[in-house]
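Next come the chains, spelled out residue by residue.
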Amino acid sequence: MKQYVIFNVGDYSFGVDILEIVEIIKPTKIVKLPSAPQYVEGIIDVRGTSVPVYNLAKRLEIESKAETQKIIIVELSKFQLGFLVDDVSEILKIEDDKIEKANESIKGIKRKFIDSIARVGDDMIIILDLKNVLTMDEEEEIGKYINN
């Protein structure tokens with residue numbers, strides 16, 4: 001059994017292993033980056049550390065429905081990264097037998113970001129693999145912005 005942070009983007013419920021999350025914050029002033037991809041909102045300052053922020057709705061190519069949002073900060077291999085989401089709803093313990101590997105039938109979301117699917121009651125939660133959200137090139141590019 002693992003604990004997952006459950007959040008919403010558009011009409012979808014997503015989960016991320018709680019061990020991958022550093023913190024969840026309200027959006028602060030986001031500094032735009034020149035010539036950044038459309039899904040990169042910019043960089044925020046989190047206690048003296050520059051943290052790039054990805055708009056998860058744009059990255060997953062789904063429509064956001066939120067007026068207010070949250071930023072989920074995660075630790076990736078070389079730096080922290082923020083994901084702008086519609087809302088964070090809960091922390092949920094999900095038993096291993098309620099989780100199955102995602103199959104190819106999932107449509108409407110970029111498949112490479114999906115690790116598995118959890119069925120909790122009548123709800124289906126898409127478990128994301130955040131390590132796949134950045135390509136190697138994107139990781140290097142963002143590293144340049146952070147280190148400058």
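The chain appears in an unreviewed UniProt entry as Purine-binding chemotaxis protein CheW from Caldicellulosiruptor changbaiensis.

We now examine the layout of surface pockets. Estimated volume of the largest pocket: approximately 160 Å³. Taken together, 13 residues line the largest pocket, and the ones lying closest to its centre are K2, Y4, D17, D115 and I127. Broken down by secondary-structure element, the contributors of at least two residues to the lining of the largest pocket are β1 (2-9), β10 (114-120) and β11 (123-128). Looking at the lining of the largest pocket, its residues break down into five nonpolar, one polar and seven charged.

Taken together, five strands build an open sheet; the order of strands is β3-β6-β7-β5-β4 and the sheet is mixed. The sheet is open, and its two borders are formed by β3 (21-25) and β4 (40-46), each paired with just one other strand. Adjacent strand axes in the sheet meet at a mean angle of 30°, parallel and antiparallel pairs treated alike. Alignment of β3 against strand β6 (residues 70-75), held across four bridges, turns out to be antiparallel. Its bridge partner lying in β6, I21 is registered against V74.

The mixed open sheet is built from six strands, whose spatial order is β8-β1-β2-β11-β10-β9. In this open sheet, the two strands that pair with only one neighbour each are β8 (87-94) and β9 (99-101). Averaged over all pairs of adjacent strands, the angle between their axes in this sheet comes to 35°, without regard to strand direction. Both β1 and β8 contribute to a ladder of seven bridges, which runs antiparallel. Bridge pairing in β8 places V5 opposite I91.

Counting through the fold element by element, G121 comes out in the loop between β10 and β11. Between the C-alpha atoms of G121 and K98, which are 23 residues apart in sequence, the distance is 9.6 Å.

Further remarks concern unusual backbone geometry. Even without glycine at this site, R47 takes up a positive phi of about 50°. As for its position among the elements, R47 is in the loop between β4 and β5 (49-55). Given the relative accessible area of 68%, R47 is considered exposed.

One pass over the full model with this rule turns up six salt bridges. Here K2 ties to D17 by a salt bridge, and the two come within 3.8 Å at their closest N and O atoms. In this pair, K2 sits in strand β1 while D17 sits in strand β2 (residues 12-17), placing the two residues 15 residues apart along the sequence. The partly exposed category is assigned to K2, whose relative accessible area is 42%.

Reading the values: rules and limits
- Per chain, residues are indexed from 1 in the order of the written sequence.
- Since the coordinates come from a predicted model, pLDDT governs what is reported: local features require at least 70, and pairs of side-chain atoms require 80 or more to be given and counted, while whole-chain, interface and lining totals use all residues.
- The basis for the side-chain values is all heavy atoms of the structure; hydrogens and waters are excluded.
- Lining residues are those with an atom within 4 Å of a point, where the points come from a 1 Å grid over the protein atoms alone and group into cavities, where a 1.4 Å probe fits but cannot get out, or pockets, open sets with protein on both sides within 12 Å along at least five of seven lines.
- Grid points are joined across faces, edges and corners, and a volume is the space filled by probe spheres set on the points.
- Helix numbers and strand numbers start at the N terminus; a helix is a DSSP run of H or I with at least 4 residues, a strand a run of E with at least 2.
- When residues are grouped by polarity, Ala, Val, Leu, Ile, Met, Phe, Trp, Tyr, Cys and Pro land in nonpolar, Asp, Glu, Lys and Arg in charged, and all others, Gly among them, in polar.
- Strand pairing follows a simple DSSP-based rule, namely that at least 2 bridges must link the two strands.
- The axes are straight lines fitted to the C-alpha atoms, using for helices just the contacting stretch, and the angles between their N-to-C directions are given from 0 to 180°.
- Exposure is judged per residue with a 1.4 Å probe applied to protein chains only, and the accessible area is read against the type maximum: over 50% gives exposed, under 20% gives buried, and values in between give partly exposed.
- Throughout this description, the term salt bridge denotes a Lys or Arg side-chain nitrogen within 4 Å of a carboxyl oxygen of Asp or Glu.

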